[in-house]
Amino acid sequence: MTSTQTTVTPVLSTSAVPPVITLVRGAQAHRAAVDRLLASYRAIPAGQRVRLAKRTSNLFRARAEGTTTGLDVSGLDGVISIDTAARTADVQAMCTYESLVAATLPYGLMPLVVPQLKTITLGGAVTGLGIESSSFRNGLPHESVLELDILTGDGNLVTARPTGDHADLFRGFPNSYGTLGYATRLRIELEPVRPAVALRHVRFSDLDELAAAIGTISTAREWEGTGVDFLDGVVFSASEAYLTLGAWTDDLSDLSDYTGQETFYRSIQQRSTDKLTIHDYLWRWDTDWFWCSAAFGAQNPKVRKYWPARFRRSDVFHRLVGVEMKYGVVAKVDQWRGKPGRERVIQDVELPVTRTADFLRWYLDNVPMTPLWLCPLRLRESGPAGTPEAGSQPWSLYPLKAGQTYVNAGFWGTVAIEPGQAEGDKNREIEAAVADFDGHKSLYSDAYYDEETFWAAYGGQNYPALKQRYDGDGRLLDLYAKAVGRR
Ligand SMILES: Cc1cc2nc3c(=O)[nH]c(=O)nc-3n(C[C@H](O)[C@H](O)[C@H](O)COP(=O)(O)OP(=O)(O)OC[C@H]3O[C@@H](n4cnc5c(N)ncnc54)[C@H](O)[C@@H]3O)c2cc1C
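Please read these numbers as outputs of a predicted model, since none were measured by experiment. (Residues numbered from 1 in each chain as written. Predicted model: local features only at pLDDT ≥ 70, side-chain atom pairs only at ≥ 80, totals over all residues. Heavy atoms only, no water.)

(A) Looking closely at the overall build of the protein. Scanning the protein from N- to C-terminus turns up 16 helices and 19 strands. Expressed as a percentage of its 487 residues, the buried residues of the protein come to 56%. Sequence-distant contacts in the protein: of pairs separated by 6 or more residues, those separated by 24 or more amount to 74%. With the model as given, the accessible surface of the protein reaches about 20100 Å², and the carbon-plus-sulfur share is 51%. (Helix = DSSP H or I, 4+ residues; strand = E, 2+ residues; numbered from the N terminus. Buried < 20%, exposed > 50% of the residue type's maximum accessible area, 1.4 Å probe, protein only. Contact = heavy atoms within 4.5 Å. Areas by Shrake-Rupley, 256 points an atom, 1.4 Å probe, with all protein chains shown as cover.)

(B) Geometry of empty space enclosed by the protein. With the rule as written, the count across this model stands at four cavities of 30 Å³ or more. The computed volume of the largest cavity comes to approximately 50 Å³. In this structure, the largest cavity is lined by Glu343, Val415, Ala416, Ile417, Glu418, Gln421, Ala422, Asp425 and Lys426. Contributing elements (two or more residues each) for the lining of the largest cavity: strand 18 (406–416) and helix 13 (425–436). Class assignment for the residues of the lining of the largest cavity results in four nonpolar, one polar and four charged. Size it by volume and the second largest cavity reaches roughly 40 Å³. What lines the second largest cavity is Val126, His142, Val145, Leu148, Phe170, Phe173, Pro174 and Trp395. Of the residues assigned to the lining of the second largest cavity, the class counts are seven nonpolar, one polar and no charged. (1 Å grid on protein atoms, 1.4 Å probe; cavity = no way out; pocket = protein on both sides within 12 Å on 5 of 7 lines; lining within 4 Å. Points joined across faces, edges and corners; volume = space filled by probe spheres on them. Nonpolar A, V, L, I, M, F, W, Y, C, P; charged D, E, K, R; others polar.)

(C) Representation of the packing of helix 12 (residues 353–366) against helix 13 in the model. Where helix 12 contacts helix 13, the axes come no closer than 10 Å and their chain directions differ by 160°. Here helix 12 is positioned roughly antiparallel relative to helix 13, judged by the angle of their axes. In the packing of helix 12 onto helix 13, the handedness of the crossing is right-handed. Of helix 13, the residues touching helix 12 (which contributes Arg355, Phe359, Trp362 and Asn366) are Lys426, Glu429, Ile430, Ala433, Val434 and Asp436. Taken together, the residues that form the contact of helix 12 with helix 13 break down as five nonpolar, one polar and four charged. (Axes fitted to C-alpha atoms, helices over the stretch in contact; angles between N-to-C directions. Parallel < 35°, antiparallel > 145°, perpendicular 65-115°, else oblique. Left-handed = near helix turned anticlockwise from the far one by under 90°.)

(D) Examining the sheet that holds strand 17 (residues 372–377) more closely. Pairing is antiparallel across the open sheet formed by eight strands, whose spatial order is 15-10-14-13-17-18-16-19. The strands lining the two open edges of the sheet, one partner per strand, are strand 15 (273–277) and strand 19 (440–441). Relative to strand 14 (residues 240–249), strand 13 (residues 230–237) runs antiparallel, the two sharing seven bridges. Looking at strand 14, one finds that glycine 233 is bridged to leucine 243. Docked against the sheet, helix 12 engages strand 13, strand 16 (342–352), strand 17 and strand 18, running at close to 160° with respect to strand 16. (Pairing = 2+ DSSP bridges.)

(E) Structural context of the pairing of strand 18. Burial of strand 18 is extensive: eight of the eleven residues sit out of reach of the surface. Relative to strand 18, strand 16 runs antiparallel, the two being bridged by eleven bridges. Paired with glutamine 347 across the two strands is phenylalanine 411, which belongs to strand 18. Strand direction decides the pairing type here: strand 17 and strand 18, joined by five bridges, are antiparallel. The residue of strand 18 that forms the bridge with cysteine 375 is asparagine 408.

(F) Expanded view of the confidence of the model for the protein. Summarising the model, the protein shows a mean pLDDT of 91, and 89% of its residues fall at 70 or more. Note that pLDDT drops below 50 for residues 1–15; the model gives that stretch 28 contacts with residues more than four away or on any other chain. (pLDDT = per-residue confidence, 0-100.)

(G) Quick look at the pattern of salt bridges. Applying the stated criterion to the full structure yields 29 salt bridges. Between arginine 185 and aspartate 149 there is a salt bridge, and its shortest N-O distance comes to 2.7 Å. Separated by 36 residues along the polypeptide, arginine 185 in strand 9 (residues 181–192) and aspartate 149 in strand 7 (residues 145–152) bring together distant segments of the chain. Linking lysine 275 and aspartate 251 is a salt bridge whose minimum nitrogen-to-oxygen distance equals 3.1 Å. Separated by 24 residues along the polypeptide, lysine 275 in strand 15 and aspartate 251 in the loop between strand 14 and helix 7 (264–270) bring together distant segments of the chain. What makes lysine 275 buried here is its relative accessible area of 11%. Classification of aspartate 251 by relative accessible area gives partly exposed; the value is 36%. Each of Asp90, Glu147, Asp149, Arg161, Arg185 and Arg187 takes part in a single network of salt bridges with overlapping partners. (Salt bridge = Lys/Arg side-chain N within 4 Å of Asp/Glu carboxyl O.)

This is the structure:
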């Protein structure tokens, strides 16, 4: 939390909610930050490319450093105000979910979808598509945006809403990855929380049964007579997969804490029920970056004991990966030991629930790096952008259809490069398989599509008009160049 934000004591009870608008950072501080941003845009010579100068990132694509001038986003990382009566918040776009949740939870409220990694920003999650275990009922983060201010590529500050002059930008901003403009402020819906989440870890030894259960729970919102408010899962092997069903509870007895010596993902295999405070539930995956902290030895009890808890966070692990990507120390040691080279496979893909078991079988036969994270999602039945017609694709740059259940499968790590194969081949194979199973990929990581295939999947019929209207001089990269051209 920055110095201009107020410090508040957690309340976590809707009965204790204070009335109406609470100023956190305040509109004046926000205006001053936007003025700095606009001044920095104007200081960039015409014709030169523009990019964000942002401290944190969750991207895995390498960025082309030093080729463009960064926009000054200082002071754009806080919550402006919270309206507890309307259950909305005005939030600066570079505000991390960690800061956002810290500001809303004391009022018994949270964003409708809170991505698992603390340093993901609201702007990043809306333009780059976040997801979490509430996505089967609340859709994706952009579906709870009421309006957003955007500094467009051509230097105008516009407010985009579901209707009106910039409705095209409102619909095209999700999955545009900052290629049409940068959000500066978003007004979002919030939902009431209860103090804790009770978990049931349900084991499946058959992938078809697993996928069928996801389909059922995603629409019925209950399982064996008990309501389900949160749903995600982990696949350890074809015969060992779990769905974790979360339900709100006021019961604060017997709480678990996975910020210490235990890891959350192992607990899924070890116990069938559990309970976490809502705060700890929201960040359950951040402490060990799902399970990826193992690569740094952070799950070895002897190492973990001495690894300071404040450094067991996804952004610390992400930075360690960044160092390896830059210097390739592990790769050099492997080469020296005669081990095969390794390819980075970091992908989140979305399959229709009806094709999920087939994809998982293909993956486990052909990749087969485990565990995998599963998270179902459905576009919201009704939200700020209205009620989409079943089968329609309401967000112009991302291929999700209303009324359809999808399953996000996330897998993050490295695989050995087999003899005769080259780096990138496994990612290409996965990309092709995902398409064969009627799925698509998130674009935050490596992508290899040819231009025609890419635009057929990601809104090629809508993008040129948006680009022309909001970034006619091409001050920002084009989406294909950014997502596939490794920038
Ligand atoms: C290993 C891994 C796992 C992931 N797992 C999850 C997950 O489980 N759940 C989940 O929700 N998401 C996940 N993501 C995806 C993540 O939500 C997106 O990559 C998101 O865009 C990251 O947001 P950020 O704020 O860190 O943005 P950055 O990484 O800084 O930027 C991402 C892109 O968004 C653009 N951008 C950033 N801010 C703005 C803005 N204000 N306006 C316009 N464009 C902007 C940048 O230019 C860039 O192209 C994962 C990513 C990785 C790498």
